[in-house]
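Spelled out, the chains give:
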Amino acid sequence: MKRILVCASRISHILNFHMPYLRYFKEKGYITDVAAEGKTDNELIDNCYDMRFVKNPLSAENLRTVSRLKKLMQENKYSLVYSNTTLAGTAAKLAVMRLKKKPYFVHISHGYMFGLDGSLHSRIYRTAERLTAKAVDKLAVMNSEDYYLAKKYKLGRSINHIYGMGLQKEKFPGLSDEQISKVREKYMIGNDKKLLLCVGEFSARKNQTMLIEAFNYIQRKHRDTVLVFAGKGKTEKECYMLAEKFEFRGSVRFLGHVSNVNELYRSSDMLIACSKMEGMPFNVMEALYCGLPVAASNIKGHSDLLKNKPFGVLFKNDAVSLAESVNDILSDENKYREMKNTAFLDERYLSENVMPTVLRLLDREYRPDEKVISAKGAF
């Protein structure tokens, strides 16, 4: 029986983005294993191997993880191994390189941790990618800048540009005006308020502290605004304390994990995304699919979705630029109305269109006329 291994830094990544692909292989009769930090009990996963990935590239813990992955690959003789994210990808590639008999290996980059600059940070991550590139049979990247970098530094034998892992539109049904009013009532946000939404894990990379600093400027000009955060993470407490310092008095809300984020997208006035680095940001894609205007930092991933689009604005990655961009939109009713009326997500980012492309990379037996298993019900 054929067997696959999916690697990612955390189990949440696999649960959020890869279940439709695991369903596809499961229904073809494969044994489906995953290696990530964390555990889960899911019918689509036969074996879940809890492995630790540390952000310090020189950590001894990462070397132990490489050894564990190598042993796992030797014992289970996988037909396919595919990795995601920088840390798990590097560990998996190092493990594959140490094998005598190598499995078919695909790496999906969700955003390179380097650019063209000569900073020490970029040099370290770029060197790691280049040294492990020979392990990669097929490489997939998600934005135009990463595609350029992958080509320039020859980071895989075959380099492919995909449009994310696919947005599952079934998860984002429309809401009536009455339903939207009820959502706002649930969160005690009046219909007369402008609801600014930020969705994502709290982390230094997602940069929510800058948004809170910017909101201090936004509030001075637009007292009717409310900023809502949906998500949890390492910097959540820091952000909460910063909001307390500015004494926003209920104008900033921390909702933690939200199971039905669709109702927030549908009930908000604008999404704000202030990440320092992205591959293909799901929060921006989800917001656009829900018809929500977006203000986002001018980085790769964001620019692919928003550059020269009437429904989005890109700001420099500092609090003042962010505040000025949002204030400019909120002060011009006609501009906001145009953004709201034109906001949409291109169909090429939808799961039904992305899945065939990704499956052609993962499954060497995939046929162009093969019926792709619907993502619906995979979660």
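Residues numbered from 1 in each chain as written. Predicted model: local features only at pLDDT ≥ 70, side-chain atom pairs only at ≥ 80, totals over all residues. Heavy atoms only, no water.

**Brief notes about the packing of helix α8 (residues 208-221) against helix α9 (residues 236-246)**
For the pair α8 and α9, the least separation of the axes is 9 Å and the interaxial angle reads 10°. Regarding the angle of α8 to α9, the classification is roughly parallel. Along this stretch, α8 crosses α9, giving a crossing that reads as right-handed. For the pair α8 and α9, the contacting residues are Q208, T209, I212, E213 and N216 in the first and E238, C239, L242, A243 and F246 in the second. Of the residues belonging to the contact of α8 with α9, the class tally is 5 nonpolar, 3 polar and 2 charged. (Axes fitted to C-alpha atoms, helices over the stretch in contact; angles between N-to-C directions. Helix = DSSP H or I, 4+ residues; strand = E, 2+ residues; numbered from the N terminus. Parallel < 35°, antiparallel > 145°, perpendicular 65-115°, else oblique. Left-handed = near helix turned anticlockwise from the far one by under 90°. Contact = heavy atoms within 4.5 Å. Nonpolar A, V, L, I, M, F, W, Y, C, P; charged D, E, K, R; others polar.)

**Quick notes on the confidence of the model for the protein**
Across the protein, pLDDT averages 94, with 96% of residues at or above 70. Below pLDDT 50 for its whole length, residues 373-379 participates in 21 contacts with residues either more than four positions away or in separate chains. (pLDDT = per-residue confidence, 0-100.)

**Looking at the side chain of H107**
Note that H107 resides in strand β5 (residues 104-108). A polar contact is formed between the side chain of H107 and the side chain of S83, at a distance of 2.7 Å. Discounting residues that sit within four places of it in the chain, H107 has contacts with S83, N84, T85, G89, K93, V136, K138, L139 and A140. (Polar contact = N/O pair within 3.5 Å; in protein donor to acceptor, adjacent residues only side chain to side chain.)

**A look at the packing of aromatic side chains**
Throughout the structure, instances matching the rule amount to 16 aromatic pairs. Pairing F202 with F254 gives two aromatic rings, centres 6.0 Å apart and planes at 35°, and the pair type is tilted. Here F202, found in the loop between β8 (194-199) and α8, pairs with F254, found in strand β10 (residues 252-254); they are 52 residues apart in sequence, far enough to count as distant. Among the residues examined, F254 registers a relative accessible area of 22% and is labelled partly exposed. Positioned above the aromatic ring of F246 is the side chain of K245, whose terminal nitrogen or guanidinium carbon lies 5.9 Å from the ring centre. Here the basic side chain of R364 rests over the ring of Y104, its NZ or CZ set 4.1 Å away from the ring centre. (Phe/Tyr/Trp six-rings, centres within 6.5 Å; stacked < 30°, edge-to-face > 60°. Buried < 20%, exposed > 50% of the residue type's maximum accessible area, 1.4 Å probe, protein only. Lys NZ or Arg CZ within 6 Å of the ring centre and 35° of its normal.)

**Re the environment of A36**
By secondary structure assignment, the location of A36 is in strand β2 (residues 31-37). The spatial distance from the C-alpha of A36 to the C-alpha of I11 is 5.2 Å, given a sequence separation of 25 residues.

**Some remarks on the state of the cysteines**
Tallied over the entire structure, the rule returns 0 disulfides. The thiol of C274 is unpaired, and the distance to the nearest cysteine sulfur, on C198, comes to 5.0 Å. (Disulfide = S-S within 2.5 Å.)

**Focus on the packing of helix α2 (residues 19-27) against helix α15 (residues 351-362)**
Direction vectors running N to C along α2 and α15 enclose 60°, while the axes themselves pass 11 Å from each other. Overall, the two elements α2 and α15 adopt an arrangement that is oblique. For the crossing formed where α2 meets α15, the hand is right-handed. In contact with P20, Y21, Y24 and F25 of α2, α15 contributes V354, M355, V358, L359 and L362. Per-class residue counts for the contact of α2 with α15 are 9 nonpolar, no polar and no charged.

**What about the pattern of salt bridges?**
Scanning the model with the defined rule gives 22 salt bridges in all. A salt bridge links K2 to E365; the shortest N-O distance between them is 2.3 Å. Of this pair, K2 sits in the segment before β1 (3-10) while E365 sits in the segment after α15; the two residues are 363 residues apart in sequence, bridging distant segments of the chain. For K2, a relative accessible area of 35% corresponds to the partly exposed category. Under the relative-accessibility criterion, E365 is labelled partly exposed at 45%. K300 serves as the salt-bridge partner of D146, at 2.6 Å between the closest nitrogen and oxygen. Taken together, the positions of D146 in helix α6 (residues 144-153) and K300 in the loop between β12 (294-297) and α12 (302-306) put the pair 154 residues apart, joining distant regions of the chain. Overall, the relative accessible area of 1% leaves D146 in the buried class. K300 sits in the buried class, given a relative accessible area of 7%. Shared partners join several salt bridges into a network, and the residues in it are R52, E61 and R64. (Salt bridge = Lys/Arg side-chain N within 4 Å of Asp/Glu carboxyl O.)

**Comments concerning the nonpolar core**
I14, Y21, L22, Y265, L271 and L305 are the most contacted members of the largest nonpolar core, which totals 66 residues. It is α15 that provides the largest number of residues to this core, a total of 6 residues. Each residue touching L305, except ones within four places of it in the same chain, is listed here: M280, P281, V284, M285, L288, F311, L345 and Y349. (Core = buried A, V, L, I, M, F, W, Y, C linked by side-chain atoms within 4.5 Å.)

**Focus: unusual backbone geometry**
With phi around 65°, N207 is a residue other than glycine that occupies positive phi space. For N207, the position within the fold is in the loop between β8 and α8. The class of N207 is buried, set by a relative accessible area of 8%. The backbone of E247 shows a phi angle near 55°, a positive value even though the residue is not glycine. Its place among the elements puts E247 in the loop between α9 and β10. Residue E247 is classed as exposed on the basis of its relative accessible area, which comes to 52%.

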